[in-house]
Amino acid sequence: MNMRPTDLGSVVGAPVISLRGVRKDFSGHRVVDDLSFDVARGEIVTLLGRTGAGKTTVLNIIMGTTGIDAGAVRVAGADPFKEFKSLKGRLSVAFQNDRLLPWRTTVENAELGLLILGEDRKRARAKAIEWLANVNLAGAEDKYPHQLSGGMRQRVSLARALAVDPELILLDESFSQLDHVTSRTLRRDFCKVAREFGKTCLIVTHRIDDALEMADRVIVLGPGARIMLEMPLAEARIDQQTRDQCRAQIETALGGKDEADES
Amino acid sequence: MQGFNDQVIEAAHRRTVPGSRFAARAANLLARSTVRETAATTIVVLLLIAAMEVASWYVPDYIMPSPEAVSAAIWRLANTDYIHVFATLGRLAAALSFSLVAGVLLGLLMALSPLLRPFIRSLVVIDTGIPALSWILLAVFWFKNPETRIFFILIMILMPFYALSIYDGFRALPKDLVDMIESFRPSQLQTLRYLIVPHLVPYVILTTKSVIGYATRMVIFAELVASALGVGSRMGLAQSTFHIDEVLAWTFFLVVLNIVLQLLVTAIEKAVLGWRQETAVR
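Cut-offs and rules
Residues numbered from 1 in each chain as written. Chains lettered and ligands numbered in written order. Predicted model: local features only at pLDDT ≥ 70, side-chain atom pairs only at ≥ 80, totals over all residues. Heavy atoms only, no water. Helix = DSSP H or I, 4+ residues; strand = E, 2+ residues; numbered from the N terminus. Buried < 20%, exposed > 50% of the residue type's maximum accessible area, 1.4 Å probe, protein only. Areas by Shrake-Rupley, 256 points an atom, 1.4 Å probe, with all protein chains shown as cover. Contact = heavy atoms within 4.5 Å. Lys, Arg positive; Asp, Glu negative; His and termini not counted. Charge placed at Lys NZ, Arg CZ, Asp CG, Glu CD. Buried area = accessible area lost by both parts, 1.4 Å probe. Salt bridge = Lys/Arg side-chain N within 4 Å of Asp/Glu carboxyl O. Polar contact = N/O pair within 3.5 Å; in protein donor to acceptor, adjacent residues only side chain to side chain. Nonpolar A, V, L, I, M, F, W, Y, C, P; charged D, E, K, R; others polar. Core = buried A, V, L, I, M, F, W, Y, C linked by side-chain atoms within 4.5 Å. Phe/Tyr/Trp six-rings, centres within 6.5 Å; stacked < 30°, edge-to-face > 60°. Lys NZ or Arg CZ within 6 Å of the ring centre and 35° of its normal. Pairing = 2+ DSSP bridges. Axes fitted to C-alpha atoms, helices over the stretch in contact; angles between N-to-C directions. Domains from an automatic or database assignment.

Undergrad: How should the overall build of chain B be read in this particular structure?
TA: Each helix and strand in chain B was counted, giving 10 helices and 0 strands. Across the 282 residues that make up chain B, the buried fraction comes to 39%. For chain B, the exposed surface amounts to about 16,600 Å²; the carbon and sulfur share of it is 70%.

Undergrad: Would you take a moment to explain the overall build of chain A for this structure?
TA: The number of helices and strands found in chain A is 8 helices and 9 strands. For chain A, the C-alpha atoms occupy an extent of roughly 50 × 40 × 35 Å along the three principal directions. Among the 263 residues that make up chain A, the fraction classed as buried is 59%. Relative to all contacts within chain A whose residues are 6 or more apart in sequence, the contacts with residues 24 or more apart total 68%. Counting every atom, chain A has about 10,500 Å² of accessible surface; 49% of that belongs to carbon and sulfur. Averaging the locations of the 37 positively and 37 negatively charged side chains of chain A gives two centres separated by 4 Å.

Undergrad: Sorry, what's going on with the interface of chain A and chain B here?
TA: When the parts come together, some accessible area is lost, and that loss is often what is quoted as the size of the interface. Counting from both sides, the interface comprises 37 residues of chain A and, opposite them, 27 residues of chain B. Taken over both partners, the interface formed by chain A and chain B buries close to 3,000 Å², and the fraction arising from carbon and sulfur atoms is 63%. The interface formed by chain A and chain B holds 1 salt bridge in total. For A:Arg99, the salt bridge goes to B:Asp176, with nearest N and O atoms at 3.6 Å. Taken together, the connections running from chain A to chain B amount to 9 residue pairs in polar contact (both at pLDDT 80 or more). Of all the elements in the fold, those that place two or more residues in the side of chain A that touches chain B are β5 (91-94), α3 (112-116), α4 (121-134), α5 (150-163) and α6 (180-196) of chain A. Among the elements that take part in the side of chain A that touches chain B, α6(A) stands out by supplying 5 residues, more than any other. Per-class residue counts for the side of chain A that touches chain B are 18 nonpolar, 10 polar and 9 charged.

Undergrad: Help me understand the nonpolar core in this model?
TA: Counting residues in each nonpolar core, the largest one holds 131 residues, and the members touching the most others are A:Ile17, A:Phe37, A:Val58, A:Ile62, A:Leu170 and A:Phe190. If you tally residues by element for this core, the top one is helix α8 (residues 188-226) of chain B, at 14 residues.

Undergrad: How should the pattern of salt bridges be read in this particular structure?
TA: Once their charged atoms are close, side chains differing in charge can pair, the charge on each being opposite to the other. Residues and elements named next belong to chain A. Under the counting rule described, the total for this entry stands at 34 salt bridges over all chains. For glutamate 111, the salt bridge goes to arginine 125, with nearest N and O atoms at 2.7 Å. Taken together, the residues glutamate 111 in the loop between α2 (106-110) and α3 and arginine 125 in helix α4 connect sequence positions 14 residues apart. Members of the salt-bridge network, linked through shared partners, are Arg184, Arg187, Asp210, Glu213 and Arg243.

Undergrad: What's the story with unusual backbone geometry in this structure? I'm lost.
TA: Outside of glycine, negative phi angles account for most residues, and trans bonds account for most peptide bonds. For A:Glu173, which is not glycine, the phi torsion reads 50° and is therefore positive. Along the chain, A:Glu173 turns up in the loop between β6 (168-172) and α6. One non-glycine residue, B:Phe242, lies in the positive phi region at around 60°. Here B:Phe242 lies in the loop between α9 (231-240) and α10 (244-272). Residue classification places B:Phe242 among the exposed residues on the basis of a relative accessible area of 62%.

Undergrad: What exactly am I supposed to notice about the packing of aromatic side chains here?
TA: Centre distance and the angle of the planes are the two values used to describe a pair of aromatic rings. In the structure shown here, the tally under the stated rule is 12 aromatic pairs over all chains. For the pair A:Trp103 and B:Trp275, a centre-to-centre distance of 6.0 Å together with 65° between the ring planes defines the contact as edge-to-face. With A:Trp103 in the loop between β5 and α2 and B:Trp275 in the segment after α10, this residue pair bridges two chains. We classify A:Trp103 as buried; its relative accessible area is 11%. On the basis of relative accessible area, B:Trp275 is assigned to the buried category, the value being 15%. With 5.8 Å between their ring centres and 65° between their planes, B:Trp142 and B:Phe152 make a pair best called edge-to-face. In this pair, B:Trp142 is assigned in helix α5 (residues 132-142) and B:Phe152 in helix α6 (residues 146-171), connecting sequence segments 10 residues apart. In this structure an aromatic cluster arises from ring pairing among B:Trp135, B:Trp142, B:Phe143 and B:Phe152. Between A:Arg99 and the ring centre of A:Phe95, over which it is positioned, the NZ or CZ distance is 4.0 Å. When the ring centre of A:Phe84 is taken as origin, the NZ or CZ atom of B:Arg185, which lies over that ring, is 3.9 Å away.

Undergrad: I'm lost on the sheet that holds strand β1 (residues 17-26) of chain A in this one. Help?
TA: Backbone hydrogen bonds hold the strands of a sheet together, and the pairing may be parallel or antiparallel. Residue and element names in this part refer to chain A. Read from one edge of the open sheet, 3 strands run β2-β1-β4, paired in antiparallel fashion. Single-partner strands in this sheet number two, and they are β2 (29-39) and β4 (70-75). For this sheet, the mean angle separating the axes of adjacent strands, direction not counted, is 25°. Inspection of the sheet shows β1 paired to β2 by 7 bridges, in the antiparallel sense. Residue serine 18 lies in a different strand from β2, and its bridge partner there is aspartate 38.

Undergrad: Looking at this model, I keep getting lost on the domain arrangement of chain B. Mind explaining?
TA: Residues and elements named next belong to chain B. Per the domain assignment, the segments making up chain B are domain 1 (1-58) and domain 2 (65-272). On the domain 2 side, the residues contacting the 4 residues of domain 1 number 5 residues. A combined buried area of about 330 Å² lies between domain 1 and domain 2, and 79% of that area is made up of carbon and sulfur atoms. Considering only the side of domain 1, the residues that lose the most area to domain 2 are Met52, Glu53 and Ser56, jointly responsible for 87% of the buried surface there. Counting the contacts that link domain 1 with domain 2 gives 0 salt bridges. The tally of links from domain 1 across to domain 2 stands at 0 residue pairs in polar contact (both at pLDDT 80 or more). Its residues assigned to classes, the side of domain 1 that touches domain 2 shows 2 nonpolar, 1 polar and 1 charged.

Structure follows, in structure tokens:
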């Protein structure tokens, strides 16, 4: 696999994402209130919260599509809003719904980001095919999105995000529209690939299982995107007892059990 | 991983089997309705020919000639007046192409420039309100050259259709897809190339499909008033010299031309929009 060298699992050096005292109001309503956190290189962090907690606003701020009213944001060393173009190729996003272009085949969708980055057409095609194989979609290259199942389309979306070899991958409820079996397998597959290539990931979700199965660390957000709980989860991924304890703590921080979770 | 892959394929298969049956049933229904439609069209054409024949027994030739006389006129005109057919087709192609390009550009300008939008929109809306006859009469006063007249008339009539369609198409651009492509930080040209233009292609084709029959009628009408060359002018000449068989022969040609043009656009639609999912409603 032809990837940029990344500092696998390292937490030293400048964080890839850094938010300091971030505030954002919409029509006089404070959606994000004094939020600060860091995400280190190679780390997989989950931003967990109920609907309306301001998760998507935080994600939009990190993506650079929404500006802030106070505080400071740095993503890969740049201000994502003011230096929007400087993050070209360094950040990619997998959205809640697959957002595939219906007129492009699977491989054409997967190579889209590479073509935008100015990659040579042949090399872009080769990389896209390779990434489709990585997400278990070999043989589906020439199919159009409407010919694929929901899970397969989401895999194409992940391949498209991963193919550009970004420093940072943002996942916005990327598995929440899938059934539990598909969602669990995709989460596992994604984490395997992300860890193998040392990608920094910020996963925005409302499902506790997403956090417990994928993240090195969880940040639980309450109303106004205030941090209710922040804790490491690396051990919870392998130890059932720790996992149950973490789940209980997260549920308490969220103010109750999440019915969306499967277990 | 492999197990899951099999599961996905199996699930997809489970989903596609009833869908395939449904699609096969829909295709079968469609085939049967096509046969019915062809049979109905044939019956209607035969009845019209019979009505022409019967009418020709009771009225003079300059009111209703026999189908045989019309067939003879078709053969005669095909050998002598093909230059007029080419002139009409050339004018139609040139005006349609120019209207398409200019209309698409106007539509994009309307969509992309909030500053210019109200001005262009007002112009386009005023243009759609002006009757075709007004443009034809004005063109005769304003331009000496018949080609300029016909070109002007056609673009003034056709261009607004494209401009409004493209503007509406742009407004229907899914925000989800815009956000997705912007997450890769593309240039404006790349957004245009990978998202906007492909999204607008169906709108261009559907507009062409809608206006092509209208455009054919307008070019004939414009030629009748503004030129001595072309099918419209020949129809005018035939009418003024009481050659009703030639008027009917040209009419027959125009009906066939319209069918051919519709088939051509449908073929282009199938080739360009092959990615679209076929849907059928029970």
